[in-house]
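Per-entry structural report
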Amino acid sequence: MPSVAQRTSKGAIVPHLIALAIYTLLGILLTWPLLLNLTNGVIGAVDGVDAYQNAWGLWWTAQALTSLRNPFFSPLLFYPDGVDLFWQPLGFSQGVLALPVTLTLGPVAAVNWIVLTSFTVGGYAIFLLARRMTGNVAAALVAGATFICSPYHMEKVIDGNLEVAAIHWLPCYAYAFLLLLNSPSWRRALAAGALLVWVSLGSWYYGLFAVLFTACAAGIWAYGVIRNSERKHRLQRGMRQAMWGLAPCIIWGMAIAPAFYGLLTTGADEMLWDMRQVQRERSADLVDVFLPNPVHPVWGPAVRAWRNQIYPHAVIWNVALGWIALGLGLLGATTARRATWHWSLLALACFIFALGPELKIAGWHTGMPLPYALIQDMPGIRSGQRPNHMMVMVSLSLSILAAYGFTVLQQRLTQHPSPVHTWSMALALIVLVAGIDGYAGTHTIVERRIHPFYATLPPPDGALIPLPLYLNVNRSENLTAQMGHRWPIIGGYVARPPAYEFPKYTPGVREIRFGEVERQDVVSPGWPESARRALAAYRIRYITMDLQSGADNYFAHVRSLLAEMGIESPVFADETLEVYAVPDSWQVTPVVFLGDGWKPIERQTNPNALATVNEHNDNEGLHRWGGADNDIWLVNPYDTPVHVTLALTMESYEMTRPVEIWDGQHLVAHWEVQRPVRTYRVGMTIPSGHVRLRLRAPTTYDVRSRRELSVVVLKIGIADYVLLRE
């Protein structure tokens, strides 16, 4: 027979196994038929745009970690610059959790694994937290169900936005934070701080709101200590409790300080954007919080239709907490006030923050300012566009109140509840929570096929241009294809696109992107030789066309341009894909082209504007005017530095004026440019890759054209070059 210790050990582990089984089953049922399509497709609105972007994030994280590269920077997108992913919704924490699945079953299965574990892990973490608070296993089981079955969570699952569907790290942090508040120590502070960083690396939204949650909780628990202490020790003990409560935020701040400092010092903070104007619209509406489940297949369409009539065109508005969860939470908050007042105040504080900077009621902006307006201008806060996501912290606090509500309900229904009655009531409530608050019907699975041709491409040796480019467009098809071919691509899809001038100005790439060409310019050589040299210099190897994109007219123009460049036939073609190879016989030389600041190409129309244009220009008066700051790009395609001589044929507008060429912070050349036209030369050494020079000159306002003008360039090119040894 088993010993008493063995029976006790088995009895202690059974509730945990039951909890894990229930939450896993709920995840399977509420996402059905996801389990049957684990490796085939994903749940995701708008044709899975965000879901497949998240799949790429998991795939890239696995690629980076297994090759010992920095996962927070990817050279595979926005070639040749690459992109910083630290402040993007990469979902690094989810990527680490799903690493074995990504490597064995693929990134689509990894997305689905994270979705399912958000139910299992999220519910179980709340179960542990609620059981510690109430000592009631059945109540803790119900609490976990209210958290993972909230309409808010189900909406994020349906949207396919894995960053915010992955709610499970938040209760893990809340549990560690509660341990710190109840029994402060540096070990627990470090653990809570590390988990707060982990939450942030999974979702910067949730990291930010977890910091706000922490600050509110630290103040509330400190108030509790003050209220329960002797008068002469109140302030001291309250301050000590508050400092321990804020310790995770301090650790979090120290951990991300280097990244934040780098963001500010490099000027890249513009990437985070200022979203304060958007926050007003994407704050929680007071009515929305109390709506019945808007994604339920029975009454959900009626709820959405009613809401659309009252205030149409709203986006990201489903922040409903669920009627069963609300009922249990309100019961716990009102009938067990001594035990729950901390959590009631915490839920209320988070709720007020979720309402954003101004109170909205049924779409009506009341003009009443709320506490969020006090923090709206802070760095980090101002870049967050969705204050209503703070509702997840309300849902977390409400789940603890729901556990107390269940305990009260249990005591009132039966004076001497038996285990059978207790478990029956718990299971009945879990069924109600899942069926009323969480059920969203059978989900549509979005499948994407990666063309098998991509697997036949050689190892990456340059980049490819996927068409259409979808620059600054919410389309993730090119990311999906990249998971098959693994080549760096022009463009990409991230939540906050970086400044990316490469496809706007680079010869060849520019024409392919827009499907049109300006055959004459001041840059030498002209079209199509300029395109051939630029594509060869940047090692663009392939151009692919997604024939399922509906861009047939655009592709017809691109094929014509490719033929002009000398690329007449695809190396592969079927009904869904065409692939063109860039000839490796094209001449590889340094390349020059113009960037931002220059005016459009013009021909001579005013005989007084230029002194001797027609005498010095072979293109019948073709010219470009410059402003105060004008970019000139130089490309060195070699692995060693090269010394180039840049020649500019130009004259100044109206009068002699100083013209400078800058390479970053270094002055390369200074001329007093005058009239008539003459050619100016400057020699410089450039490293491998490309550099952006800046031509600077004072401007004068031209009344006729209503523009600020400095100099006019008739011709620019590389006169000669010499390769150098390192």
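I will try to describe carefully the structure that is included in this document. Everything quoted here is computed from the prediction, not taken from an experiment. (Residues numbered from 1 in each chain as written. Predicted model: local features only at pLDDT ≥ 70, side-chain atom pairs only at ≥ 80, totals over all residues. Heavy atoms only, no water.)

If you check helix H24 (residues 552-565), its first and last C-alpha atoms are 20 Å apart, about what 14 residues at 1.5 Å a residue would give, namely 20 Å. Three or more residues of H24 are buried, namely Tyr554, Phe555, Val558, Leu561, Leu562 and Met565. Projection of H24 onto a plane perpendicular to its axis shows the buried side chains occupying an angular sector of 120°, all on one side. Projecting away from the buried face of H24 at angles above 90 degrees are the exposed residues Asp552 and Asn553. Residues of H24 that are buried sit in contact with strand S7 (463-467), helix H22 (509-514), helix H23 (529-537), strand S8 (540-546) and strand S10 (577-581). One or two residues past the end of H24 sits Gly566, with phi positive at roughly 105°. (Helix = DSSP H or I, 4+ residues; strand = E, 2+ residues; numbered from the N terminus. Expected span 1.5 Å × (residues − 1). Buried < 20%, exposed > 50% of the residue type's maximum accessible area, 1.4 Å probe, protein only. Arc of directions from axis to C-beta. Contact = heavy atoms within 4.5 Å.)

Right, let's get into unusual backbone geometry. Here Tyr79 and Pro80 are connected by a cis peptide whose omega angle stands at 0°. Topologically, Pro80 is positioned in the loop between strand S2 (73-74) and strand S3 (83-84). One non-glycine residue, Arg539, lies in the positive phi region at around 60°. In this structure, Arg539 sits in the loop between H23 and S8.

For the rest of this paragraph, the subject is helix H19 (residues 419-438). A rise of 1.5 Å per residue sets the reference length of H19, with its 20 residues, at 28 Å; its end C-alpha atoms lie 27 Å apart and thus fit the reference within 8%. Where H19 is concerned, the buried positions are Thr422, Met425, Ala426, Leu429, Ile430, Val433, Ala434, Asp437 and Gly438. Projection of H19 onto a plane perpendicular to its axis shows the buried side chains occupying an angular sector of 165°, all on one side. Exposed positions of H19 whose direction lies more than 90 degrees from the buried face are Val420 and Val431.

We now examine the layout of surface pockets. Quantified by volume, the second largest pocket comes out at close to 580 Å³. Secondary-structure elements contributing two or more residues to the lining of the second largest pocket are helix H21 (502-505), H22 and strand S11 (591-594). Element by element, the count of residues in the lining of the second largest pocket is highest for H22, at three residues. Classifying every residue of the lining of the second largest pocket gives 12 nonpolar, four polar and 10 charged. (1 Å grid on protein atoms, 1.4 Å probe; cavity = no way out; pocket = protein on both sides within 12 Å on 5 of 7 lines; lining within 4 Å. Points joined across faces, edges and corners; volume = space filled by probe spheres on them. Nonpolar A, V, L, I, M, F, W, Y, C, P; charged D, E, K, R; others polar.)

Within a regular beta strand, the side chains point alternately toward one face of the sheet and then the other, so they alternate between its two faces. Of all eight residues that make up strand S13 (residues 629-636), seven are buried, and the element is covered over most of its length. The pairing of S11 with S13 spans four bridges and is antiparallel. Opposite Val591, over in S13, you have Val635 as the bridge partner. Looking at chain direction, S13 and strand S18 (residues 689-696) are connected through eight bridges and run antiparallel. (Pairing = 2+ DSSP bridges.)

All right, on to the sheet that holds strand S17 (residues 678-686) then. The strand order S12-S21-S14-S17 describes an open sheet built from four strands, whose pairing is antiparallel. In this open sheet, the two strands that pair with only one neighbour each are strand S12 (624-625) and S17. Pairing of strand S14 (residues 642-652) with strand S21 (residues 711-723) involves 11 bridges; the strand directions are antiparallel. Residue pairing in the sheet places Val644 in a bridge with Tyr721 of S21.

All right, on to the environment of Tyr23 then. On the secondary structure map, Tyr23 appears in helix H1 (residues 4-30). Judged by relative accessible area, Tyr23 falls into the buried class, the value being 0%. Distance from Tyr23 to Glu660, taken between C-alpha atoms, is 67 Å for residues 637 residues apart in sequence. Beyond its immediate chain neighbours, meaning those up to four positions away, Tyr23 contacts Phe119, Thr120, Gly123, Tyr124, Phe127, Ala140, Leu141, Gly144, Ala145 and Ile148. A distance of 3.4 Å separates the side chain of Tyr23 from the backbone oxygen of Ala140, its partner in a polar contact. (Polar contact = N/O pair within 3.5 Å; in protein donor to acceptor, adjacent residues only side chain to side chain.)

Time to look at the environment of Val668. Structurally, Val668 can be placed in strand S16 (residues 666-673). Residue class for Val668 comes out partly exposed when judged on its relative accessible area of 28%. Expressed as a C-alpha distance, the spacing of Val668 and Gly683, which sit 15 residues apart in the sequence, is 8.4 Å. Those residues in contact with Val668 that sit more than four places away from it in its chain are Ile661, Trp662, Asp663, Val682 and Met684.

Moving on, we come to empty space enclosed by the protein. Any space left empty among the atoms is revealed by the rolling of a water-sized probe across them. Going through the model one piece at a time under the given rule, you end up with six cavities of 30 Å³ or more. Roughly 90 Å³ of internal volume is contained in the largest cavity. In terms of lining residues, the largest cavity is bounded by Gln53, Asn54, Trp56, Gly57, Leu85, Gln88, Pro89, Leu90, Tyr493 and Val494. When the residues that make up the lining of the largest cavity are grouped by side-chain class, the tally is six nonpolar, four polar and no charged. Size it by volume and the second largest cavity reaches roughly 60 Å³.

Pairing is antiparallel in the open sheet, where five strands are placed in the order S11-S13-S18-S15-S16. Each edge of the open sheet carries a strand with a single partner, namely S11 and S16. Looking at each pair of strands side by side, their axes are set apart by 20° on average, direction ignored. (Axes fitted to C-alpha atoms, helices over the stretch in contact; angles between N-to-C directions.)

In this section: the packing of aromatic side chains. Taken as a whole, this structure holds 27 aromatic pairs when the rule is applied. Each ring, one from Phe92 and one from Trp198, has its centre 6.3 Å from the other, and the planes form 70°; the classification is edge-to-face. With Phe92 in helix H3 (residues 92-97) and Trp198 in helix H10 (residues 186-202), this residue pair connects regions lying 106 residues apart in the sequence. Connected via pairs of aromatic rings, a cluster forms that spans Phe72, Phe86, Trp87, Phe92, Trp169, Trp198 and Trp204. Positioned over the ring face of Tyr680 is Arg678, at 4.3 Å from the centre of the ring. (Phe/Tyr/Trp six-rings, centres within 6.5 Å; stacked < 30°, edge-to-face > 60°. Lys NZ or Arg CZ within 6 Å of the ring centre and 35° of its normal.)

With that settled, consider the nonpolar core. Formed by 195 residues in total, the largest nonpolar core has its most connected members in Trp343, Leu396, Ile465 and Leu467. The next biggest cluster of nonpolar side chains, apart from the first, holds 30 residues, and it includes Val523, Leu594, Leu622 and Leu634. (Core = buried A, V, L, I, M, F, W, Y, C linked by side-chain atoms within 4.5 Å.)

Bringing the packing of helix H15 (residues 323-335) against helix H16 (residues 337-354) into the picture now. In contact at an axis separation of 6 Å, H15 and H16 are set at 120° when each is read in the N-to-C sense. Considering the angle they form, H15 stands oblique to H16. Residues Gly332, Ala333, Thr334 and Thr335 of H15 form the contact with H16, whose participating residues are Arg337, Thr340 and Ser344. Residue composition of the contact of H15 with H16, grouped by class: one nonpolar, five polar and one charged. (Parallel < 35°, antiparallel > 145°, perpendicular 65-115°, else oblique.)

Turning our eyes to something else, we now look at the side chain of Glu651. Mapped onto the elements of the fold, Glu651 is located in strand S14. Here Val677 takes part through its backbone nitrogen, which lies 3.2 Å from a polar atom of the side chain of Glu651.

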